[in-house]
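Take a look at the letters that make up each chain.
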Amino acid sequence: MDYLKGLNESQYEAVTTLQGPLMVLAGAGSGKTRVLTMRIAHLITNGIDPFNILSLTFTNKAAKEMKERIAKVVGPSNAKSLWMGTFHSVFARILRSEAHYLGYPSNFTIYDQQDALNVLKKSIKDLNIDGDLYKPKKVLSRISNYKNNLITVRAYENNPELIEADEKANMKFMGKIYKKYVEECFKNGSMDFDDLLLKTNELLTRFPEVLAKYQDRFRYILVDEYQDTNHSQYLIVKALASKFENICVVGDDAQSIYSFRGANIYNILNFKKDYPEAVTVSLEQNYRSTQNIVNAANVVIAKNLQQFKKNVFSENEVGEKIKVYRSLSDADEANFVAGNIWELHNREQRKFNNFAILYRTNSQTRAFEDALRRKNIPYKVYGGLSFYQRKEVKDLLGYLRLLVNENDSEALMRIINFPTRGIGETTQNKLIVFADSQNLSVAKVLDNLPIYAPHLGFNNGVITKLSDFWSMIKAFQVLLKTETAYNVAMEVAKRSGLIKFLKDDQTPEGISRVENVQELMNSMQGFIEEQIQLEDGDPSLPNFLENIALSADTQDKKNGDEDMVSLMTIHLSKGLEFPVVHLVGLEENLFPSFMSSATREDLEEERRLFYVALTRAEKQAFFSYAVSRFQWGKITDAEPSRFLSEVDEEYIEFLNPAMEGRFINKTGISSNIFDEHPSEMRSFKKVEKKTISKSENDKPIAEPRKLKPVASAKIINPSGASSQDIEVGDKVRHDRFGIGEVAFLDGTDPQNIKAKVVFLHEGEKNLILKYAKLTKI
DNA sequence: AAAAAAGGAAGCCTA
DNA sequence: TTCCTTTTTT
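About the criteria used
- Numbering of residues starts from 1 in every chain and runs along the sequence as written.
- Chain labels run from A onward and ligand labels from 1 onward, assigned in the order the entries are written.
- Per-residue local features are limited, in this predicted model, to residues with pLDDT of at least 70; the limit for side-chain atom pairs, both in listing and counting, is 80 or more; totals at the level of whole chains, interfaces and linings are taken over all residues.
- For side-chain calculations, the full set of non-hydrogen atoms in the structure is used, while hydrogens and water are omitted.
- Numbering of helices and strands runs from the N terminus, with a helix taken as a DSSP run of H or I at least four residues long and a strand as a DSSP run of E at least two residues long.
- Only protein chains enter the accessibility calculation, which uses a 1.4 Å probe. A residue is then buried if its area is under 20% of the maximum for its type, exposed if over 50%, and partly exposed in between.
- Note on areas: Shrake-Rupley, 1.4 Å probe, and residue coverage restricted to the protein chains presented here.
- Expected helix span is taken as 1.5 Å per residue step, with the number of steps being one fewer than the number of residues.
- Stacked, tilted and edge-to-face pairs are distinguished by plane angle, under 30 degrees for stacked and over 60 for edge-to-face with tilted covering the rest, among Phe, Tyr and Trp rings (Trp via its six-membered ring) whose centres lie within 6.5 Å.
- Lysine NZ or arginine CZ positioned within 6 Å of the ring centre and within 35 degrees of the ring normal marks a charge as sitting over the ring.
- An axis is simply a line fitted to the C-alpha atoms; with a helix, the fit covers only the stretch in contact. Between two such axes, the angle follows the N-to-C directions and lies from 0 to 180 degrees.
- Note that the term roughly parallel is reserved for angles under 35 degrees, roughly antiparallel for angles over 145, roughly perpendicular for angles of 65 to 115, and oblique for everything else.
- Crossings are classed by handedness, with left-handed meaning an anticlockwise turn of the near helix from the far one by less than a right angle and right-handed meaning a clockwise turn.
- Whether two residues touch is decided by their heavy atoms; if any such pair falls within 4.5 Å, the residues are in contact.
- Salt bridges are counted wherever a side-chain nitrogen of Lys or Arg sits within 4 Å of a carboxyl oxygen of Asp or Glu.

- Chain A is annotated in an unreviewed UniProt entry as DNA 3'-5' helicase from Chryseobacterium luquanense.

Structure (structure tokens):
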């Protein structure tokens with residue numbers, strides 16, 4: 001058992017405690033992945049059939065890597081029958097084989113967020129509900145919330161509290177929309193991401209024989225990143241594990257950062273309540289970072305109340321102090337970071353891929369891209385629009401999805417007139433309305449076009465276009481029976497006119513679109529070859545489509561990537577490590593985010609995010625913040641993040657000596673370093689930063705303005721033309737914070753007025769009127 | 001009636 | 001900036 005050698009005491013315990021419930025609290029950099037893989041290997045060497053092991057990971061990439069590592073220990077044939085993957089991919093697979101229980105076709109389509117949004121938009125429109133009041137994105141996130149908490153449409157309708165809550169939030173049609181959306185998805189034979197979990201729960205609850213089958217199969221269950229599971233996932237795990245209770249959860253409560261998509265930190269905090277006999281193992285030695293970094297991260301995270309007591313420590317070198325840079329503007333900050341990387345690259349011979357720039361929001365990327373490009377430093381931005389979300393890629397995939405599931409009317413409508421073939425909006429609407437009224441799918445109508453056409457009032461020209469289109473699709477479907485997925489896709493790309501359409505556009509963007517389609521074809525070819533190599537591989541088109549639908553992590557960072565600086569959000573950086581980390585934009589209202597300073601829970605999550613960011617660093621960490629930043633089309637004042645003041649000074653070194661200690665504020669409420677002379681200093685600052693952004697950033701400059709407090713101001717209501725006066729002393733209502741009173745107004749530019757509002761329950765908040773959507777009461 | 005072109009508004013928190 | 005709506009052209 002060589003693989004057990006080199007484990008420390010707690011790692012050893014985590015690997016070898018095989019029976020019964022086990023919780024492994026794995027601090028950052030404590031060798032968690034190693035423990036997980038060794039544990040599975042150990043299970044297998046102890047005679048457990050891999051077929052009986054279910055291992056749920058956070059990303060598909062993690063699953064793949066882990067599987068490879070396990071294969072090295074126990075041999076590839078043993079590793080093969082392991083059930084390993086994300087919740088979504090594992091249960092999508094199960095749902096496909098059990099779909100008939102739920103009345104779904106086994107070839108159901110999986111909708112990504114964009115698809116879901118399109119269906120939702122259509123639903124809202126069909127219900128004749130004002131889309132301005134019911135912003136699809138907002139509605140979708142509410143629906144997602146319901147689903148993650150197992151609130152089905154029926155449960156919703158039977159829950160007066162929920163209905164009342166939605167009414168209070170000015171969304172009394174939520175129930176109606178929810179119902180319609182679910183019906184549409186069902187009709188399309190499709191599930192969104194949340195459905196994959198919700199329907200699994202339904203399957204396991206309603207059909208005891210199915211539950212028994214999977215309980216019996218998954219005798220040993222491992223869940224990674226347990227702190228980021230949502231309620232729905234929690235229930236699935238609990239149901240499956242309830243027979244044998246061989247459940248091992250691994251995670252770190254200090255790194256729970258996904259509550260905005262439903263993750264519930266109490267799943268891990270209450271594990272002991274669910275399984276009173278559970279053994280807890282804490283992995284506390286950090287092998288990744290210097291002592292300085294570990295200690296600095298510790299003192300910050302210690303400010304959180306909701307957490308397990310841990311003593312994370314490092315026995316690595318003490319290391320350098322964290323360097324803090326105060327910059328004048330976002331561009332200045334980016335120049336500092338780029339210059340610093342350049343210098344370390346030269347002076348310490350660090351390769352570019354040693355560096356990461358981590359930020360809170362994607363919109364911060366641009367400044368860094370500009371600065372790096374100017375210095376000719378190679379970089380790669382992670383996140384943002386992923387390859388599979390590109391329009392041209394989704395268009396081709398739309399065709400392919402339609403071939404597999406012709407009831408997928410979302411896919412059908414996407415491509416029925418793309419490339420344009422004279423089937424315009426009017427025709428499309430007629431089709432949909434008719435299909436709905438007859439309770440048929442659009443595909444069925446097209447199947448029997450000659451019969452239905454008279455009822456549709458189409459002229460001959462339209463009928464010809466429609467039947468031409470549909471016979472083309474049918475021909476593709478026939479092709480699918482004999483040809484490989486790749487050949488079919490190639491045929492689709494050519495015969496649908498898609499390639500021709502894209503090639504007609506010779507602009508650089510157009511050329512890159514063609515390349516993207518080619519890239520899709522390549523990845524398809526790669527997928528097919530890979531699947532053929534595998535003994536139990538499945539090179540079919542449906543399998544390919546499922547794979548991409550679930551690979552939100554396709555463009556994740558690979559280790560040993562090319563020699564480039566990595567730029568990504570902190571969320572994306574979870575699980576990665578870099579010798580040198582620049583954590584940027586450490587400003588109030590940016591990090592912590594202005595959306596997240598409302599409640600203690602939100603703030604604690606931001607602090608965990610900070611913890612995650614800092615613990616990515618192995619050798620050196622740099623913090624930076626700007627005193628003003630180009631944001632929302634305006635130059636906005638910024639104050640140093642409270643997290644900066646939460647790091648003990650012994651771990652920090654200030655690069656702007658004059659500023660040393662100036663921002664430290666022990667109240668936890670942000671302070672402005674210029675508070676002593678508010679107006680003069682601020683207007684001075686404005687001038688200064690304007691010159692900077694002009695020369696260095698070439699961005700439009702805001703009109704000069706005086707910044708003196710005003711007694712009243714107009715607010716612009718973004719959702720309509722109506723504007724409303726808000727004055728000091730007014731009682732106002734906020735979507736989230738509730739009722740409060742305006743204490744102070746600041747600024748004359750109607751686009752940029754800040755209000756200090758004292759809320760009944762949430763206390764004092766600084767809000768930008770334009771975004772706060774306050775209602776006067 | 002459909003397609004292309006132009007104009008205008010909102011968008012930003014995080015996968 | 002990107003997406004959506006409106007206008008103009010065929």
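**Some details on the overall build of chain A**
Here is step 1 of the chain: Within chain A one finds 33 helices and 26 strands.
Here is step 2 of the chain: Taking all 777 residues of chain A together, the buried fraction comes to 53%.
Here is step 3 of the chain: In the structure as shown, chain A presents an accessible area of about 35,000 Å², 51% of it carried by carbon and sulfur atoms.

**Regarding helix H5 (residues 87–98)**
Here is step 1 of the chain: The end-to-end C-alpha distance of H5, which contains twelve residues, comes to 16 Å, matching closely the 16 Å that a straight helix rising 1.5 Å per residue would cover.
Here is step 2 of the chain: Among the twelve residues in H5, nine count as buried, and that is most of the element.
Here is step 3 of the chain: Among the residues of H5, those classed as buried are Phe87, His88, Ser89, Val90, Phe91, Ala92, Ile94, Leu95 and Glu98.

**Quick look at the packing of aromatic side chains**
Here is step 1 of the chain: Applying the stated rule across the entire model yields 25 aromatic pairs.
Here is step 2 of the chain: Between Tyr134 and Phe173, the ring centres sit 6.0 Å apart and the planes meet at 40 degrees, which makes this aromatic pair tilted. Here Tyr134 is found in the loop between helix H6 (113–126) and helix H7 (136–148), whereas its partner Phe173 is found in the loop between helix H9 (160–168) and helix H10 (174–187), with 39 residues between them in sequence.
Here is step 3 of the chain: Following the ring pairs from residue to residue traces out a cluster consisting of Phe591, Phe610, Phe623 and Phe643.
Here is step 4 of the chain: Over the aromatic face of Phe418 sits the side chain of Lys391, whose NZ or CZ is 3.7 Å from the ring centroid.
Here is step 5 of the chain: The ring of Phe58 carries the charged tip of Lys574 above its face, separated from the ring centre by 4.4 Å.

**Some details on the packing of helix H11 (residues 193–206) against helix H13 (residues 231–241)**
Working note: a packed helix pair is described by the angle between its axes plus the distance between those axes.
Here is step 1 of the chain: Axis separation between H11 and H13 bottoms out at 9 Å; the angle between their running directions is 30 degrees. On the basis of the axis angle, H11 is roughly parallel to H13. With respect to the hand of their crossing, H11 and H13 are arranged in left-handed fashion. Of the residues in H13, those in contact with Leu197, Leu198, Thr200, Asn201 and Leu204 of H11 are Ser232, Gln233, Leu235, Ile236, Ala239 and Leu240.

**Focus: the pattern of salt bridges**
Here is step 1 of the chain: The tally for this structure, following the rule as stated, stands at 46 salt bridges.
Here is step 2 of the chain: Glu317 is paired through a salt bridge with Lys619; the nearest N and O atoms lie 3.7 Å apart. Of this pair, Glu317 sits in the loop between strand S10 (313–314) and strand S11 (322–327) while Lys619 sits in strand S16 (residues 617–626), placing them 302 residues apart in sequence.
Here is step 3 of the chain: Classification of Lys619 as partly exposed rests on a relative accessible area of 38%.
Here is step 4 of the chain: The partner of Lys474 in a salt bridge is Asp447, and the shortest N-O contact between them spans 3.2 Å. With Lys474 in helix H24 (residues 460–482) and Asp447 in helix H22 (residues 442–447), this residue pair connects regions lying 27 residues apart in the sequence.
Here is step 5 of the chain: Here Asp447 falls in the partly exposed class, since its relative accessible area comes to 32%.
Here is step 6 of the chain: Several salt bridges converge on common partners, so that one network encompasses Lys122, Asp126, Lys180, Glu184, Lys187 and Asp436.

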